[in-house]
Amino acid sequence: MNVEMMMRNIGVREFDPNKDCLGVEDVERRCEVGPSGKLCLFTDLLGDPICRVRHSPAFLMLVAEVGDEIVGMIRGCIKTVTCGKRISRNTKYTTNDIEPPKPLPVYTKLAYILGLRVSPSHRRMGIGLKLVKRMEEWFRESGVEYSYIATENDNYASVKLFTDKCGYSKFRTPSILVNPVFAHRLIVPKQVTIIQLNPSDAEAFYRRKFSTTEFFPRDIDSVLNNKLNLGTFLAVPRGTYSPDSWAGSDSFFSCPPESWAILSVWNSKDVFKLEVREGPRAAKLVKALCGHAHNLAKERGCGVVATEVSSREPLKLGIPHWKMLSCDEDLWCIKRLGEDYSDGSLGDWTKSPPGLSIFVDPREF
């Protein structure tokens, strides 16, 4: 059967968990994950093909098949995130004011494509392109304005597919930082106090300090209240607060310490994922929080602790990681799907310069 005839016999449909799991797992096993010859980090699906998207507000998985054989799959999810910031038109500011008005987040409906796989025996037949196009149809029907993907910078086949054939452009190059979980516990410095925040306090903290950070999810409350989230932890210099004297985020921001750091931990199978955010001069506090996350991982038998940060993140060098396990330049590519959307106060997000930080959603990492 030639390629043209084969393409006519390839069907794309929605994933059926009742009959497709074995076929999907077979393709996953036969597909190489990560650059050839390198150590790589991936999520073991362990019988749950939609585990990386099921916690998103909306998600879809498609499979490509020839007859009864599954030869490819793709996953996609949709959420609302911050793409920029603006000053409220209702806010009046003069040079006599003590502080300038705080910027407000600009939100957009964003889709994420992940888990694209094509069986080695059926590559270079346009199956990947067909899966992407069908997924983008669902995105457009759902009112999505932007779609993005993440791939290894040296995965040339993937980069070529999305940039040359699908119209995506290179957008951000974050770093994936991975540290092994050792047999021994790490010692958290006595000069640091770590306080666990309840979900409502954590949400208030994130919205107040990071809602204008690029890719910040508007449903941060869903992330923090998810059963896989093991908690949000605030680190402050010893003597500033204690767990017993903590009176909530409102009290904290009325008189904040000079340095502080906050981190949330997400447990997904054998991989620990954490979201790091910082206050001024907080490198030592972030390192202490990473040690605390390591100890949580050890208690639960996890293999590694991982996070993803902007390549321009000021505290990148302060996050413990092994270079051989990490990726200096992950590649995010983006595409604007809706031509009839107004540019508003932001303009076209795909053309915006990178900021210092990004917010990486642990639901998809």
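Residues numbered from 1 in each chain as written. Predicted model: local features only at pLDDT ≥ 70, side-chain atom pairs only at ≥ 80, totals over all residues. Heavy atoms only, no water.

Per an unreviewed UniProt entry, the recorded name for the protein chain is N-acetyltransferase HLS1, and the organism is Citrus sinensis.

Once that is clear, we can look at the environment of Asn 267. Its place among the elements puts Asn 267 in strand β10 (residues 261–268). Separated by 96 residues in sequence, Asn 267 and Arg 363 place their C-alpha atoms 9.9 Å apart. (Helix = DSSP H or I, 4+ residues; strand = E, 2+ residues; numbered from the N terminus.)

Each regular strand displays side chains that alternate between the two surfaces of the sheet. Burial within strand β3 (residues 69–86) is extensive, with 14 of its 18 residues counted as buried. Examined bridge by bridge, strand β2 (residues 58–66) and β3 share nine bridges and lie antiparallel to one another. Bridging across to β3, Glu 65 finds its partner in Ile 70. Connecting β2 to the antiparallel partner β3 that follows it, the hairpin turn spans two residues, and Gly 67 within it adopts a positive phi of roughly 65 degrees. As paired elements, β3 and strand β4 (residues 104–118) share 13 bridges and run antiparallel to each other. Pairing of Ile 78 across the sheet is with Ala 111, part of β4. (Buried < 20%, exposed > 50% of the residue type's maximum accessible area, 1.4 Å probe, protein only. Pairing = 2+ DSSP bridges.)

With respect to the helices and strands, Glu 203 occurs in helix α5 (residues 199–210). Placed 21 residues apart in sequence, Glu 203 and Leu 224 show a C-alpha to C-alpha distance of 7.2 Å. In contact with Glu 203, other than residues within four places in its own chain, are Ile 220, Asp 221 and Leu 224. (Contact = heavy atoms within 4.5 Å.)

Glancing now at the side chain of Thr 193. Along the chain, Thr 193 falls in strand β8 (residues 192–197). For Thr 193, a relative accessible area of 14% corresponds to the buried category.

Next up on the list: unusual backbone geometry. Its identity as a non-glycine residue notwithstanding, Arg 124 has a phi of 60 degrees, on the positive side. By the element assignment, Arg 124 lies in the loop between β4 and α3 (127–141). Relative accessible area serves as the criterion here: at 86%, Arg 124 is assigned to the exposed category. A positive phi angle, close to 75 degrees, is found at Phe 215, a residue other than glycine.

The next thing to look at is helix α2 (residues 21–30). Within the span of α2, buried status applies to Cys 21, Val 24, Val 27 and Glu 28. For α2, the arc enclosing every buried residue in end-on projection is 130 degrees, short of the 170-degree limit, so these residues lie on one face. Among the exposed residues of α2, those oriented more than 90 degrees off its buried face are Leu 22 and Arg 29. Buried-residue contacts for α2 involve β2, β3 and β4. (Arc of directions from axis to C-beta.)

On to the pattern of salt bridges, then. Tallied over the entire structure, the rule returns 22 salt bridges. Measuring nitrogen to oxygen at the nearest pair gives 3.1 Å for the salt bridge that ties Glu 28 to Arg 117. Of this pair, Glu 28 sits in helix α2 while Arg 117 sits in strand β4; the two residues are 89 residues apart in sequence, bridging distant segments of the chain. According to the relative accessible area criterion, Glu 28 is buried, its value standing at 15%. Via salt bridges that share partners, Lys 79, Asp 219, Asp 361, Arg 363 and Glu 364 belong to a single interconnected network. (Salt bridge = Lys/Arg side-chain N within 4 Å of Asp/Glu carboxyl O.)

Right, let's talk about the packing of α3 against helix α4 (residues 156–165) for a bit. Their axes nearest at 11 Å, the elements α3 and α4 cross at an angle of 55 degrees. Taken together, α3 and α4 sit at an angle that is classed as oblique. In this structure, α3 meets α4 at a crossing whose hand is right-handed. Seen from α3, the contacting residues are Gly 128, Leu 129, Val 132 and Lys 133; seen from α4, they are Leu 161, Phe 162 and Lys 165. Split into classes, the residues belonging to the contact of α3 with α4 amount to four nonpolar, one polar and two charged. (Axes fitted to C-alpha atoms, helices over the stretch in contact; angles between N-to-C directions. Parallel < 35°, antiparallel > 145°, perpendicular 65-115°, else oblique. Left-handed = near helix turned anticlockwise from the far one by under 90°. Nonpolar A, V, L, I, M, F, W, Y, C, P; charged D, E, K, R; others polar.)

Take the nonpolar core next. One finds Phe 15, Val 24, Leu 110, Tyr 148, Phe 215 and Trp 349 to be the most contacted residues of the largest nonpolar core, which totals 32 residues. It is β3 that contributes the most residues to this core, five residues altogether. Leaving out residues up to four positions away in the same chain, Leu 110 has contacts with Cys 77, Ile 78, Lys 79, Val 81, Val 144, Tyr 146, Ser 147, Tyr 148, Phe 215 and Trp 349. With 29 residues, the next largest nonpolar core counts Ile 10, Met 135, Ile 149 and Val 159 among its residues. (Core = buried A, V, L, I, M, F, W, Y, C linked by side-chain atoms within 4.5 Å.)

This part covers α3. Helix length check: α3, at 15 residues, gives a terminal C-alpha distance of 22 Å against a target of 21 Å (1.5 Å per residue), a fit within 8%. Along α3, the positions that sit buried rather than exposed are Ile 127, Gly 128, Leu 131, Val 132, Met 135, Glu 136, Trp 138 and Phe 139. In the stretch just after α3, Gly 143 is the one whose phi turns positive, near 80 degrees. (Expected span 1.5 Å × (residues − 1).)

Quick look at the packing of aromatic side chains now. All chains considered together, the criterion is met by 23 aromatic pairs. Each ring, one from Phe 162 and one from Tyr 168, has its centre 5.3 Å from the other, and the planes form 90 degrees; the classification is edge-to-face. Pair check on accessibility: Phe 162 and Tyr 168 agree, each one buried. What links up through ring pairs into an aromatic cluster is the set Phe 205, Tyr 206, Phe 210, Phe 216, Tyr 241, Trp 246, Phe 252, Phe 253, Trp 260 and Phe 359. (Phe/Tyr/Trp six-rings, centres within 6.5 Å; stacked < 30°, edge-to-face > 60°.)

Let us look at the environment of Leu 325. Inspection of the secondary structure puts Leu 325 in the loop between β12 (304–309) and β13 (330–336). Along the chain, Leu 325 and Val 304 lie 21 residues apart, while their C-alpha atoms are 9.6 Å from each other.

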